[in-house]
Amino acid sequence: MTKKCLLTSYYSVFVPMVIILNMYKFNSIFTFADIGFFILYIIYIFNCIFNFASNTKIKLSYNEMIPFFICVIYWFIYSFDNLDINIFFRNARYLLYLLTIVLYTKKYFDYSLAFKVYKYIAISSTLYLFIQYIFRNLFGVYLLNYLPFLEVSSKGIMQIIPVRCKSIFAEPSQYAIYTMGAICLMLINSNKTKLENIYILILIIGILLSGSTTGIAIIILGGILYGIYLIKNVKKVKRKKIIRLIFLSIISASIVFLIIFYSGMLNYITYRVSEGSSADARFSSYELINSFSNKLCGNGMIDIEADYYNGVVRCIYYFGYLGIISWIVLTLGQLRKSYKGNKILVVIFFSLNIGTEVLFGTQMLIWFSFIMKSYSFKDVTLLRSIDDIQVMDCQDNES
């Protein structure tokens, strides 16, 4: 195996796993995800030496990331004046995420391999969530969402939510967002198998059973976007196929509704939405924007006094209006360059940040990697097959 193959394989397996690795501490400062990044860059350095010896030019990709990248670099340099080690590492980690996307995704991200690992984790974690749900409701036993012999990176990971399941993630919303990414990737694969259709239904049920209101919202949004996508891209559909699709949709929706109704999850979701325990936390932070100091350039990635800032508000607080404009430019660039199917991922990711902070976590690395790798498929109207993607990846690595 060549150095390049090692780098590609490692990075493609590491990306779907990074959110789980980030849950556990390696020591008092670093998480296992940090160690994973360290190994990644060691391999990259050796690969650069090999490329230099071969007179191979090393390319940086994705010009649309430059404005946002500059904002982060500015505040990373500024953080050197602050002696708080936590603030420094928060800036350093986020800069590392962006740098990793720029350096690796185009040339070293194997879409096929990463998709298989992503799908395996999503399905496995959902099956575990089903087991959690059964044990909780039948025996009153809550199965842990973390490995007890490892130190977790946040105390909130160990918190037990009596009527919700986390699977192997820190929060139900993290599980829902992660799983929704896998659902989208399977939906936009035009050669998906019947088994993958079953996987999609299983993952949707898993999101609903997790009790995540974020998950409910993105399922609805994803369904609308996928419907629009089909209408715009599938020109000739047989009447029998349409009737069959409608029939299966009704059956699936009925099964999902019955599960929610009889599980008692409907009352809980209604309570969280109506009472504002979920909505207030996610959307009330917009009212605080006018109180921010230095709204033009932001305050850097310092500690936040409020309980919760969603992605949009957090971006303004950290990087100011210049930062939010840079992020919008980045999103528009992703929409323009992504092939038609992956535009669904772009819109969902952008919409998630209206109520969540996914832009500032490890999930950003996962979603951005799949979105930006699709730039290579800009001449493909529909994803033909995972095997075709593998051929494209090999051609990219050879160029």
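To keep things clear, this report deals only with the structure shown in the data block. (Residues numbered from 1 in each chain as written. Predicted model: local features only at pLDDT ≥ 70, side-chain atom pairs only at ≥ 80, totals over all residues. Heavy atoms only, no water.)

## Some thoughts on the overall build of the protein
Let me state the cut-off plainly: Runs of H or I in DSSP of at least four residues are treated as helices and runs of E of at least two as strands, each being numbered from the N terminus. Whether a residue is buried, partly exposed or exposed follows from its accessible area with a 1.4 Å probe, protein chains only, as a fraction of its type maximum: under 20%, in between, or over 50%, in that order. In what follows, residue pairs with any heavy atoms lying within 4.5 Å of each other are defined as contacts. Per-residue accessibility takes into account occlusion by the displayed protein chains alone, with areas from the Shrake-Rupley method and a 1.4 Å probe.
Broken down by element type, the protein carries 15 helices and zero strands. When each of the 399 residues of the protein is scored for burial, the buried share is 49%. Sequence separation of at least 24 residues holds for 74% of the intrachain contacts in the protein that already meet a minimum separation of 6. As displayed, the protein offers around 20000 Å² of accessible surface, 67% of which is attributable to carbon and sulfur atoms.

## Topic: the environment of Lys373
Put simply, the rule is: Identification of polar contacts relies on pairs of N or O atoms within 3.5 Å, with a donor-acceptor requirement for protein atoms, meaning one able to donate a hydrogen and the other able to accept it, and with residues adjacent in sequence counted only if both atoms are side-chain atoms.
Within the secondary structure, Lys373 sits in helix H14 (residues 363-373). By relative accessible area, Lys373 is classed as buried at 1%. The spatial distance from the C-alpha of Lys373 to the C-alpha of Tyr108 is 9.6 Å, given a sequence separation of 265 residues. A polar contact is formed between the side chain of Lys373 and the backbone oxygen of Lys106, at a distance of 2.9 Å.

## Some remarks on helix H5 (residues 111-139)
Our working rule: Every helix has an expected span of 1.5 Å times one less than the residues it contains.
Here H5 contains 29 residues, and its C-alpha end-to-end distance of 41 Å stays within 8% of the 42 Å for a straight helix at 1.5 Å per residue. Backbone nitrogen of Ser112 and a side-chain oxygen of the N-cap are separated by 3.1 Å at the start of H5; the cap is Asp110. Downstream of H5 by a residue or two, Gly140 has a phi angle that is positive, lying close to 70°.

## Brief notes about the nonpolar core
What counts is decided by this rule: We call a set of buried Ala, Val, Leu, Ile, Met, Phe, Trp, Tyr and Cys residues a nonpolar core when their side-chain atoms join them within 4.5 Å.
Counting 105 residues, the largest nonpolar core has Tyr94, Phe319, Leu359 and Phe370 as its most contacted members. Here this core takes eleven residues from helix H6 (residues 172-187), the largest share from any one element.

## Description of the packing of aromatic side chains
Pairs of aromatic rings are described using the distance from one ring centre to the other and the angle between the two planes. The condition is simple: Between the rings of Phe, Tyr and Trp (Trp by its six-membered ring), a pair exists once the centres lie within 6.5 Å; its type follows the angle of the planes, with under 30 degrees stacked, over 60 edge-to-face, and the other angles tilted.
Scanning all chains against the criterion turns up 30 aromatic pairs. One aromatic cluster in this structure is built from Tyr11, Tyr41, Tyr44, Tyr104, Tyr108, Phe109, Tyr111, Tyr118, Phe169, Tyr175, Tyr178 and Phe370.

## Here's the deal with the packing of helix H12 (residues 311-337) against helix H13 (residues 343-355)
Just so we agree on the cut-off: Structural elements are reduced to axes, namely lines fitted to C-alpha atoms, with helices fitted over the stretch in contact, and the angle between N-to-C directions of any two is expressed from 0 to 180 degrees. Roughly parallel covers angles under 35 degrees, roughly antiparallel covers those over 145, roughly perpendicular covers 65 to 115, and oblique covers all other angles. Throughout, a crossing is termed right-handed when the near helix is turned clockwise from the far one, and left-handed when it is turned anticlockwise from it by less than a right angle. Only Asp, Glu, Lys and Arg are considered charged in this grouping, and only Ala, Val, Leu, Ile, Met, Phe, Trp, Tyr, Cys and Pro are considered nonpolar; every other residue, Gly among them, is considered polar.
One way to put it is that H12 packs onto H13 with a least axis distance of 11 Å and a crossing angle of 165°. For the element pair H12 / H13, the angle class is roughly antiparallel. The handedness of the crossing between H12 and H13 is left-handed. Contacts from Gly311, Val312, Trp327, Ile328, Thr331, Gln334, Leu335 and Arg336 in H12 reach Lys343, Val346, Val347, Phe350, Asn353 and Ile354 in H13. Classifying every residue of the contact of H12 with H13 by side-chain character gives eight nonpolar, four polar and two charged.

## A few points about the packing of H5 against H6
The relative placement of two packed helices comes down to the angle between their axes together with the axis-to-axis distance. Between H5 and H6, the shortest axis-to-axis distance is 10 Å and the interhelical angle comes to 130°. Classified by the angle between their axes, H5 and H6 sit oblique to one another. Our pair here, H5 against H6, has a crossing hand that is left-handed. Contacts between H5 and H6 pair Tyr111, Phe115, Tyr118, Lys119, Ile121, Ala122, Ser125, Thr126 and Leu129 from the former with Tyr175, Ile177, Tyr178, Thr179, Gly181, Ala182, Leu185 and Met186 from the latter.

## Quick word on unusual backbone geometry
Phi is positive for Ser167, which is not a glycine, with a value near 60°. Structurally, the position occupied by Ser167 is in the loop between H5 and H6.

## Description of helix H7 (residues 194-209)
Here H7 spans 23 Å end to end across 16 residues, near enough to the 22 Å set by a 1.5 Å rise per residue. Glu196, Ile200, Leu203, Ile205, Gly206, Ile207, Leu208 and Leu209 are the residues of H7 that are buried. Positive backbone phi, approximately 75°, marks Gly211, located one or two places after H7.

## Digging into the pattern of salt bridges
Counted only if it meets this: Every case where a carboxyl oxygen of Asp or Glu lies within 4 Å of a side-chain nitrogen of Lys or Arg is listed as a salt bridge.
Considering all chains together, one arrives at four salt bridges under this definition. Among the salt bridges present, the one from Arg93 reaches Asp34, with a minimum N-O distance of 2.7 Å. With a gap of 59 residues between them, Arg93 in helix H4 (residues 85-108) and Asp34 in helix H2 (residues 32-53) connect regions that are remote in the sequence. Asp34 gets classed as buried once you look at its relative accessible area, which sits at 11%.

## Description of a nonpolar patch on the surface
Selection rule: For patch building, the residue pool is restricted to those with more than 30% relative accessible area and no salt bridge; the joining distance is 9 Å between like charges and 5 Å between nonpolar side chains (Val, Leu, Ile, Met, Phe, Trp, Tyr).
A surface patch of nonpolar side chains, amounting to about 590 Å² of accessible area, comprises Phe38, Ile39, Ile42, Ile45, Phe46 and Ile49. One can find Ile42 in helix H2.

## Describing the environment of Arg314
Inspection of the secondary structure assignment puts Arg314 in helix H12. For Arg314, a relative accessible area of 13% puts it in the buried group. Excluding anything up to four places from it in sequence, Arg314 contacts Ile304, Tyr309, Glu357 and Phe360. Side chain to side chain, Arg314 and Glu357 meet in a polar contact 2.7 Å long.

## Side note on the side chain of Asp110
Summarising the element assignment, Asp110 is placed in the loop between H4 and H5. Polar side-chain contacts of Asp110 include one of 3.2 Å to the backbone nitrogen of Leu113.

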